Amino acid sequence: SPLHDFIKGLPKCEHHVHLEGCLTPELIFELAARNGIPLPTDPVYTSISTLSKRYEHFTSLDDFLHFYFEGMAVLRNEQDFADLAWSYFQKAHSDGVHHAEVFFDPQVHEDRGIPYETVVGGFSKGCQRAEKELGLSTRLILCFVRHLPVDSAKGVYDELVASKHFEAGVVHGLGWSSSEVGPPKDMFRDIYADAKVKGIPLTAHAGEEGDPTYISTALELGATRIDHGIRLVEDEELMKRVARQGTLLTVCPLSNVRLRCVKSVKEVPIRKFLEAGVKFSINSDDPAYFGGYILDNYCAVQEAFGLNVLEWRIIAENSVQESWIPDERKAVLL
Ligand code: HPA
Ligand code: ZN
């Protein structure tokens, strides 16, 4: 496309990427060997190519999550987490990412015996290296998961508070993710209420598979950003409110296609959001599983919608303005 070089050159901010979702089949096999961990017995783990092939046929969010959680078993030591984060930041840097806000799932690691400190220690080392060697600014967002008991989330939240990692700037915000439809919409009400008082920035996965009431519940609980949020278009009034409040949606087009939330990128409501004045950024979600990093997502949007330079500038500017960074950093990125 004629705008390819322009899109590649746009200074990008990524707001929706799970570090565990950057664990490629290659790295799964490498870390399994390094740590002497047997791979799952499911025959899709026979080789890198059989595993990669399986990723092309996810049937739903939960079908994907099964493989996402299986893959994590190879992460054991602090260095594994640091290497995983570093592999993502290098790729992001080559895609023109200048600032990245990245999710991680400490509950899931704790559930399989890896302490909070190991996970945060490794991921924050990867962040520090990206800041120093690539000039990328980074933010770690601790994500609660909806498929485990809320007490497990409370346990991790207590560790975050006790560690003073928020005050120290090691962890910058909180999110929630995993299975959307099923568990109570407001299961993290108490945690979010406490975190809001402490001034911790809050986001939430909502409106990916779930209807717009998942979005309104997340906003009611204190989220100031919505991850995915594509089903917002089904509630005109709520969409007007989100536009008026300037709430950012972190849209992930290739993820939506792979998880069958939409049939093609053309169905992602990019035009509708632009017309309604809803702010959004374009992101990769789980690039190792969904067949593309952030630039692939930008290009897929351009292919589907043929946006003009002005529209791209609006998207890029909103993604800087809504980043969780000080004004001085925004000024550098704009
Ligand atoms: N949705 C919900 N949970 C997730 C996702 C997602 O797209 N990726 C990783 N965890
Ligand atoms: Zn996600």
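Remember, it's a predicted structure, so these values are computed and weren't measured experimentally. (Residues numbered from 1 in each chain as written. Chains lettered and ligands numbered in written order. Predicted model: local features only at pLDDT ≥ 70, side-chain atom pairs only at ≥ 80, totals over all residues.)

Chemist: Before we move on, can you summarise the overall build of the protein with the specific residues and values?
Modeler: Helix and strand content of the protein: 17 helices and 8 strands. For a compact globule of 334 residues, the expected C-alpha radius of gyration is about 20 Å, and the protein comes in at 19 Å, within 12% of that figure. When its C-alpha atoms are laid out on the principal axes, the protein stretches across 50 × 45 × 40 Å. In the protein, which comprises 334 residues, the proportion classed as buried is 48%. Considering only residue pairs separated by 6 or more positions, the protein has 74% of its internal contacts joining residues 24 or more positions apart. (Helix = DSSP H or I, 4+ residues; strand = E, 2+ residues; numbered from the N terminus. Rg over C-alpha atoms; globule rule 2.2 N^0.38 Å. Buried ≥ 20, exposed ≤ 12 C-beta atoms within 10 Å, placed from the backbone. Contact = placed C-beta atoms within 7 Å.)

Chemist: Help me get a handle on the sheet that holds strand β1 (residues 12-18), residues and values and all.
Modeler: The strand order across the open sheet built from 4 strands is β1-β2-β3-β4, with neighbouring strands paired in parallel fashion. Strands at the two margins of the open sheet, each flanked by one partner only, are β1 and β4 (173-177). Averaged over all adjacent pairs, the angle separating strand axes in this sheet is 30°, with direction ignored. Bridging between strand β3 (residues 137-145) and β4 involves 5 bridges; their strand directions are parallel. (Pairing = 2+ DSSP bridges. Axes fitted to C-alpha atoms, helices over the stretch in contact; angles between N-to-C directions.)

Chemist: How would you summarise the pairing of strand β2 (residues 97-104) if you had to cite specific residues and measurements?
Modeler: Most of β2 is tucked away, with 8 of its 8 residues classed as buried. One ladder, built from 6 bridges, connects β2 with β3; its direction is parallel. By the bridge assignment, Phe104 is partnered in β3 with Leu142.

Chemist: Tell me about the site of ligand 1, residues and numbers included.
Modeler: In the neighbourhood of ligand 1, the contacting residues comprise His18, Gly21, Leu61, Tyr68, Ser177, Ser178, His205, Glu208, Ser255, Asp285 and Asp286. Its residues placed into classes, the shell around ligand 1 shows 2 nonpolar, 6 polar and 3 charged. (Near = placed C-beta within 6 Å. Nonpolar A, V, L, I, M, F, W, Y, C, P; charged D, E, K, R; others polar.)

Chemist: Just give me the short version of the UniProt feature "active site" (unreviewed entry) in the protein, but keep the residues and values in it.
Modeler: Residues annotated by UniProt as "active site" (unreviewed entry) correspond here to Glu208. Turning to its location among the elements, Glu208 is positioned in the loop between β5 (203-206) and α10 (212-220). Not counting chain neighbours up to four residues away, the residues in contact with Glu208 comprise Leu61, Glu180, His228, Ile230 and Cys261. (UniProt positions renumbered as here; feature names shortened; annotations may be inferred.)

Chemist: Please give an account of helix α7 (residues 116-134) that cites residues and values.
Modeler: Between its terminal C-alpha atoms α7 stretches 26 Å, which fits the 27 Å expected from 19 residues at 1.5 Å a residue. Taken as a whole, α7 has its buried residues at Tyr116, Thr118, Val119, Val120, Gly122, Phe123, Ser124, Gly126, Cys127 and Ala130. Elements in contact with the buried residues of α7: α5 (78-94), β2, α6 (106-111), β3 and α8 (150-163). At the exit of α7 stands Gly135, carrying a positive phi of roughly 70°. (Expected span 1.5 Å × (residues − 1).)

Chemist: Could you give an account of the packing of α5 against α7, with specific residues and numbers?
Modeler: Between α5 and α7, the least distance of the axes is 7 Å, while the angle of their chain directions is 35°. Of the two possible hands of crossing, α5 and α7 adopt the one that is right-handed. Contacts from Glu78, Gln79, Asp80, Phe81, Ala82, Ala85, Trp86, Phe89 and His93 in α5 reach Thr118, Val119, Gly121, Gly122, Phe123, Lys125, Gly126, Cys127, Arg129, Ala130 and Leu134 in α7. Looking at the contact of α5 with α7 residue by residue, the classes come out as 10 nonpolar, 6 polar and 4 charged. (Left-handed = near helix turned anticlockwise from the far one by under 90°.)

Chemist: Mind laying out the sheet that holds strand β7 (residues 248-251), listing which residues take part and the relevant values?
Modeler: The sheet built from 4 strands is open, its strands ordered β5-β6-β7-β8 with parallel pairing. The open sheet has two edge strands with one neighbour each: β5 and β8 (280-282). Taking each pair of neighbouring strands and ignoring which way they run, the sheet shows an average axis angle of 25°. With respect to the sheet, α10 is in contact with β5 and β6 (225-228), its orientation differing from that of β5 by roughly 170°.

Chemist: Which residues make up the UniProt feature "binding site: Zn(2+)" (unreviewed entry) in the protein, and what values do they have?
Modeler: Under the present numbering, the feature "binding site: Zn(2+)" (unreviewed entry) in UniProt falls on His16, His18, His205 and Asp285. A maximum C-alpha distance of 11.7 Å is found for the annotated residues, which run over 270 residues; spatially they form one tight group. On the secondary structure map, His16 appears in strand β1. A count of 31 C-beta atoms within 10 Å places His16 in the buried class. Look past the residues within four positions of His16 in its chain and what remains in contact with it is Asp227, Thr250, Cys252, Asn283 and Asp285. With respect to the secondary-structure elements, His205 resides in strand β5. Once residues lying within four places of it in the same chain are set aside, the contact partners of His205 are Gly175, Trp176, Ser177, Glu180, Asp227 and His228.

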